Amino acid sequence: MVYLTRKAEFSAAHYYHNPEFTSEENQRVFGKCNNPNGHGHNYTLEVTVKGEVDPKSGFVVDLKQLKDVMSREVLDAFDHRFLNKEVPEFLTKIPTTENLAIAIWQRLAPKLKAAQLHRVRVYETPDLFVDFYGEA
Amino acid sequence: MKAHLTRRYMFSASHRLHSDEMSEEENRATYGKCNNPYGHGHNYTIEVTVSGPVDDQTGMVCNLADLDAFVHNQVLERYDHQNLNLLSEFVKQVPTTENLCIAIYEIMKRGFHNAHLEKVRIEETMMNSFEYRGESAR
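Residues numbered from 1 in each chain as written. Chains lettered and ligands numbered in written order. Predicted model: local features only at pLDDT ≥ 70, side-chain atom pairs only at ≥ 80, totals over all residues. Heavy atoms only, no water.

J.: Summarise the interface of chain B and chain A; cite the residues concerned and give the values.
T.: At the interface, 18 residues of chain B touch 23 residues of chain A. Between chain B and chain A, a total of about 1800 Å² is buried, with carbon and sulfur atoms accounting for 55% of that surface. Per-residue buried area on chain B facing chain A is highest for B:Met1, B:His4 and B:Gln57; these three make up 31% of the total on that side. Summed over the shared surface of chain B and chain A, the result is one salt bridge. Taking the shortest distance from any N to any O, the salt bridge between B:Lys2 and A:Glu135 comes out at 3.7 Å. On inspection of chain B and its partner chain A, the count reaches nine residue pairs in polar contact (both at pLDDT 80 or more). Per-element accounting of the side of chain B that touches chain A gives the leading share, seven residues, to strand β1 (residues 2–15) of chain B. Of the residues contributing to the side of chain B that touches chain A, the split by class is eight nonpolar, six polar and four charged. Taken together, the four bridges between strand β5 (residues 128–132) of chain A and β1(B) define a ladder with antiparallel strand orientation. (Contact = heavy atoms within 4.5 Å. Buried area = accessible area lost by both parts, 1.4 Å probe. Salt bridge = Lys/Arg side-chain N within 4 Å of Asp/Glu carboxyl O. Polar contact = N/O pair within 3.5 Å; in protein donor to acceptor, adjacent residues only side chain to side chain. Helix = DSSP H or I, 4+ residues; strand = E, 2+ residues; numbered from the N terminus. Nonpolar A, V, L, I, M, F, W, Y, C, P; charged D, E, K, R; others polar. Pairing = 2+ DSSP bridges.)

J.: Please give an account of the packing of aromatic side chains that cites residues and values.
T.: Residues and elements named next belong to chain A. One pass over the structure, following the stated rule, counts twelve aromatic pairs over all chains. Grouped by ring-pair contacts, the aromatic residues Phe 10, Tyr 43, Phe 78 and Phe 90 constitute a single cluster. The ring of Phe 82 has Lys 85 sitting right over it, with the charged end atom 4.7 Å from the ring centre. (Phe/Tyr/Trp six-rings, centres within 6.5 Å; stacked < 30°, edge-to-face > 60°. Lys NZ or Arg CZ within 6 Å of the ring centre and 35° of its normal.)

J.: Which residues make up the pairing of strand β1 (residues 2–14) of chain A, and what are the values?
T.: Residues and elements named next belong to chain A. Two elements, β1 and strand β2 (residues 39–51), share 13 bridges in a ladder whose sense is antiparallel. From the neighbouring strand, Leu 4 faces β2, where its bridge partner is Val 49. Examined bridge by bridge, β1 and strand β3 (residues 81–82) share two bridges and lie parallel to one another. Bridging across to β3, Ala 13 finds its partner in Phe 82.

J.: Requested: an account of helix α2 (residues 64–79) of chain B, with residues and values cited.
T.: All names here are of chain B. Between the first and last C-alpha of α2 there are 21 Å, a value that for 16 residues agrees with the 22 Å anticipated at 1.5 Å per step. Along α2, the sharpest kink reaches roughly 40°, centred on His 72. Among all positions of α2, only Leu 67, Asp 68, Phe 70, Val 71, Val 75, Leu 76 and Tyr 79 are buried. Turning to α2, the residues buried within the fold contact β1, β2 (40–53), β3 (82–83) and α3 (97–111). The distance from a side-chain oxygen at the start of α2 to the backbone nitrogen of Ala 65 is 3.0 Å, and the residue carrying that oxygen is Asn 63. Once α2 ends, the next one or two residues include His 81, with phi positive near 60°. (Expected span 1.5 Å × (residues − 1). Bend = angle between axes of the 7 residues up to and from the residue. Buried < 20%, exposed > 50% of the residue type's maximum accessible area, 1.4 Å probe, protein only.)

J.: Kindly report on the pattern of salt bridges, identifying the contributing residues and their values.
T.: In total, this model carries 16 salt bridges over all chains according to the counting rule given. With a shortest N-O distance of 3.1 Å, A:Asp68 and A:Lys64 are connected by a salt bridge. Linking A:Asp68 with A:Lys64, this pair stays in helix α2 (residues 63–78), spanning four residues, or about one helical turn. The partly exposed category is assigned to A:Asp68, whose relative accessible area is 34%. Residue B:Glu47 pairs with B:Arg121 through a salt bridge whose shortest N-O separation is 3.0 Å. In this pair, B:Glu47 is assigned in strand β2 and B:Arg121 in strand β4 (residues 116–125), connecting sequence segments 74 residues apart.

J.: An account of the pairing of β5(A) is needed here, citing residue identities and associated values.
T.: All names here are of chain A. Most of β5 sits inside the fold, with five of its five residues counted as buried. Because side chains alternate across β5, one face comprises the buried residues Leu 128, Val 130 and Phe 132, and the other comprises Phe 129 and Asp 131, equally buried. By the bridge criterion, five bridges tie strand β4 (residues 116–125) to β5 in an arrangement that is antiparallel. Looking at β5, one finds that Tyr 123 is bridged to Phe 129. Linking β4 to β5, which pair antiparallel, is a turn of two residues.

Here's what the structure looks like:
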């Protein structure tokens with residue numbers, strides 16, 4: 001089994017707000033991130049897939065295909081968007097880094113053919129990242 | 001759904017690697033430059049990884065503000081700009097980054113209960129790093 005990781009970057013705006021909370025609760029729980037006008041990050045995405053090395057190609061996965069799936073399923077939808085307003089998952093879910101990692105996993109997992117998705121890592125900043133391994 | 005959240009922090013501290021159980025020659029042979037009696041220092045980076053179910057109400061494993069506050073008050077306040085050899089945990093233990101990593105893991109494990117502690121990782125320099133996942137991890 002070999003693990004292969006591909007990086008990508010996207011920039012997006014978001015804010016944290018739960019309509020079931022009062023304004024005070026939202027402010028207390030989410031702090032600065034509750035500003036309704038939004039703020040943004042340069043996100044770094046790391047997608048790790050695993051599989052056996054194909055004896056003919058020497059690949060775990062065709063990197064071009066992986067790159068295309070990541071671009072189509074994630075970057076086209078997230079890059080330079082206001083996540084709360086333009087990405088369907090976040091019309092109802094708060095676009096925290098945790099939920100971003102889960103949403104990205106759910107977008108990629110069904111589209112990857114040869115290799116198996118192992119981990120989605122999303123860096124919100126160089127000092128904060130979330131890993132999702134598809135665990136229930 | 002379960003996610004892992006990792007946060008990085010930095011602090012700077014001095015230390016000297018020296019064991020009272022060894023002779024001067026043994027100390028020099030074992031620790032080399034790190035045995036310099038006047039000590040030396042590092043910019044340490046620590047990575048704290050916690051895990052847990054993502055809360056439906058907040059979208060979070062745990063509130064980052066709580067994690068940051070705990071690490072600042074209990075870890076960074078204790079170690080930043082200090083001489084590690086003078087701290088109580090290093091009176092009898094050599095302040096190697098292995099032992100520092102375990103000490104920080106134990107502080108987190110004892111006091112931070114908002115999410116499950118997965119591991120503490122420390123970069124002593126850009127070239128070396130250490131991880132501790134607790135005694136039970138094999």
